[in-house]
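# Survey of secondary and tertiary structure
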Amino acid sequence: MSKMIRPVLLCGGSGTRLWPLSRKSYPKQFVKLMGEESLFQASAKRLAADGFAPPSIITGSDFRFVVVEQLAALEIAPADILIEPSARNTAAAICAGALVLEARTPGALMLIAPSDHVIPDAEQFRAAVAAAAPAAEAGQLVTFGIRPDRPETGYGWLELSEAPDAKFSALPQPLKSFVEKPDLATAQKLLSGGMHLWNAGIFLFSTSAILEAFARHAPDTLAQCKLAVEAAQHDLGFTRLASAPWDKLDDISIDYAVMERADNLTVVPYGGVWSDLGDWQAVWREQTPDSDGVVISGPATSIECKNALLQSTSEAQELVGIGLKDIIAVAMPDAVLVAHKDRAQEVKKAVAELKAKGATQADTHPRDFRPWGWYESLVVGRRFQVKRIHVHPGAALSLQSHHHRSEHWIVVQGTAKVTIDETVKLVTENQSVYIPLGAVHRMENPGKLPLTLIEVQTGSYLGEDDIIRYDDIYARGQGAKG
């Protein structure tokens, strides 16, 4: 590659088809679905190699500190992190990313990569990117097509100009057309014809080429993105795109906005293993089922099951399947999913139903992640709540007070530095402290080990929005998360 490739990782999706593990408050890209790394971490690690610059990240405000924490665990420092004021699909995200990168490195080659894909052979994927680079440098908009192995109706397809060679080499060729997600009969024809690939949503192009394409095919998107970038605010290493122009953007994908209208399109076939983990059947497929077609994750037991996935996320909860066939069963402390594998794509309908009935499980993960660590509710009752709180070494909650509740903290691991009004003291294991209603207080972890405590809240209102922040090292402002 004659030019450095600059990855742009998109982290804005909600992944509702993988409910209950993936939810709006903590979507699938940050979950450890395949091993000890999240999909986001695996994506960043895949592109941390010679010839690739540090990644740019585009995500939502609620996930900005999750991104930092997960990259830090890999010792990867991002080039920048752009914060979207609201979700506006891939066209807006890519356009904003291109504008920021163009201002920093004119004409740079940018690789657009979703952060929730599984690509086990990183070296083979990087080789395909290298094969695509000359076309991108020449002004082509390059998309990567995946060799299909089944008549998939959940993906869009790409029509080739010529059939791939026997080795399915990553040889660039003109893209003939895009095909919308087909019905099963059409997908079977596309598969047997040998002239179509799955559309992976991965792109390589220069900033100048994609911005020219936006100017020609989606000028309104380009204009509003320019305003959002020009009025962006910078804090704590993040770039917050301006909300007023951003909110005027259409919710549209890059395929509809630009790619299907452009005439300078190139496709690079990719013959390696790939999955977007778009539903639970895909997770079952990628987890390598045993001889009975069963995948077990966590504390789960299978008795005479066939072609099933049994996943439990809590050590305190054993999931047992007896005589199940073609069933997905996922158990979490606050929600359980049981579905036929053939209807895995319909899980998003269940999420919509839960939202309609006001169930918090639709969007809210039982473990709430914050820049200082996380907490989870253990017991919730009328006028009381019990939480487990985990604070990272060196981290601190905001200096805050509450109008409607008092709190009792019991340290069970580590040491807490506690501020209550004018008093500051250390609280160690098996010690406790009481926070009266209205008291200005803060909790910090001054040690090198994680801090764990049990919090008992009592009061007339226990919502997370009953927080007044006076000082916060994470600059979150007011509100539940800021």
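Rules used in this analysis
- Residues numbered from 1 in each chain as written.
- Predicted model: local features only at pLDDT ≥ 70, side-chain atom pairs only at ≥ 80, totals over all residues.
- Heavy atoms only, no water.
- Phe/Tyr/Trp six-rings, centres within 6.5 Å; stacked < 30°, edge-to-face > 60°.
- Helix = DSSP H or I, 4+ residues; strand = E, 2+ residues; numbered from the N terminus.
- Buried < 20%, exposed > 50% of the residue type's maximum accessible area, 1.4 Å probe, protein only.
- Domains from an automatic or database assignment.
- Contact = heavy atoms within 4.5 Å.
- Buried area = accessible area lost by both parts, 1.4 Å probe.
- Polar contact = N/O pair within 3.5 Å; in protein donor to acceptor, adjacent residues only side chain to side chain.
- Pairing = 2+ DSSP bridges.
- Patch = residues over 30% accessible without salt bridge, like charges linked within 9 Å, V, L, I, M, F, W, Y side chains within 5 Å.
- Areas by Shrake-Rupley, 256 points an atom, 1.4 Å probe, with all protein chains shown as cover.
- Salt bridge = Lys/Arg side-chain N within 4 Å of Asp/Glu carboxyl O.
- Axes fitted to C-alpha atoms, helices over the stretch in contact; angles between N-to-C directions.
- Parallel < 35°, antiparallel > 145°, perpendicular 65-115°, else oblique.
- Left-handed = near helix turned anticlockwise from the far one by under 90°.
- Nonpolar A, V, L, I, M, F, W, Y, C, P; charged D, E, K, R; others polar.

If you check an unreviewed UniProt entry, the chain appears there as mannose-1-phosphate guanylyltransferase from Thioclava indica.

Inspection of every chain in the model, using the stated rule, returns 13 aromatic pairs. Ring geometry for Phe 125 and Tyr 270: centres 5.9 Å apart, planes at 80°, overall edge-to-face. Of this pair, Phe 125 sits in helix H4 (residues 122-137) while Tyr 270 sits in strand E11 (residues 265-270), placing them 145 residues apart in sequence. Classification of Tyr 270 by relative accessible area gives buried; the value is 3%.

Our focus in this paragraph is the domain arrangement of the chain. Parsing the chain into structural domains produces domain 1 (6-270), domain 2 (286-357) and domain 3 (367-471). Here the C-alpha centre of domain 2 lies 30 Å away from the C-alpha centre of domain 1. Residue-level contacts link 9 residues of domain 1 with 16 residues of domain 2. For the pair domain 1 and domain 2, the summed buried surface comes to about 1200 Å²; carbon and sulfur atoms form 65% of the total. When the buried surface of domain 1 facing domain 2 is broken down by residue, Arg 17, Trp 19 and Leu 21 rank first, second and third, together holding 50% of it.

Inspection of the secondary structure puts Arg 405 in strand E22 (residues 405-413). By relative accessible area, Arg 405 is classed as buried at 3%. Within the structure, Arg 405 has its side chain in polar contact with the side chain of Glu 407 (distance 2.9 Å). If sequence neighbours within four positions are ignored, Arg 405 has contacts with Leu 437, Gln 457, Thr 458, Gly 459, Tyr 461, Leu 462, Gly 463, Asp 466 and Ile 467.

Within E11, 6 of the 6 residues are buried, which leaves it mostly tucked inside the rest of the structure. Summarising the sheet, strand E5 (residues 141-146) and E11 pair through 6 bridges and their orientation is parallel. Counterpart to Phe 144 in the pairing with E11 is Val 268. As paired elements, strand E7 (residues 173-179) and E11 share 2 bridges and run antiparallel to each other. In the strand pairing of E11, Gln 173 is matched with Val 267.

What follows is about a nonpolar patch on the surface. A surface patch of nonpolar side chains, amounting to about 280 Å² of accessible area, comprises Ile 303, Val 320 and Ile 322. With respect to the secondary-structure elements, Ile 322 resides in strand E15 (residues 319-322). The exposure class assigned to Ile 322 is exposed, which follows from its relative accessible area of 61%.

Next up on the list: the packing of helix H3 (residues 89-104) against helix H7 (residues 219-230). At a minimum axis separation of 9 Å, H3 and H7 run at an interaxial angle of 55°. Relative to H7, the element H3 lies oblique. In the packing of H3 onto H7, the handedness of the crossing is right-handed. Counting all contacts with H3, which are made through Ala 91, Ala 92, Cys 95, Ala 96, Leu 99 and Val 100, the residues of H7 involved are Thr 221, Leu 222, Cys 225, Lys 226 and Val 229. Residues that form the contact of H3 with H7 fall into these classes: 9 nonpolar, 1 polar and 1 charged.

The final tally for this structure, using the stated rule, is 20 salt bridges. In this structure, the salt-bridge partner of Arg 104 is Asp 80, at a minimum N-O distance of 2.5 Å. Pair noted here: Arg 104 is in helix H3 and Asp 80 is in strand E3 (residues 80-84), with a separation of 24 residues, a long-range link.

Turning our attention to the pairing of strand E20 (residues 384-391). Most of E20 is tucked away, with 6 of its 8 residues classed as buried. Of the strand pairs in this sheet, strand E19 (residues 373-381) and E20 are connected by 8 bridges, and their pairing is antiparallel. Each bridged residue has a counterpart across the sheet, and for Ser 377 the counterpart in E20 is Lys 387. Hairpin connection of E19 to E20: 2 residues between the antiparallel strands, including Arg 383 at a positive phi of 70°. As defined by bridge partners, E20 adjoins strand E27 (residues 451-459) across 8 bridges and the pair is classed as antiparallel. Its bridge partner being in E27, His 390 is matched across the sheet by Thr 452.

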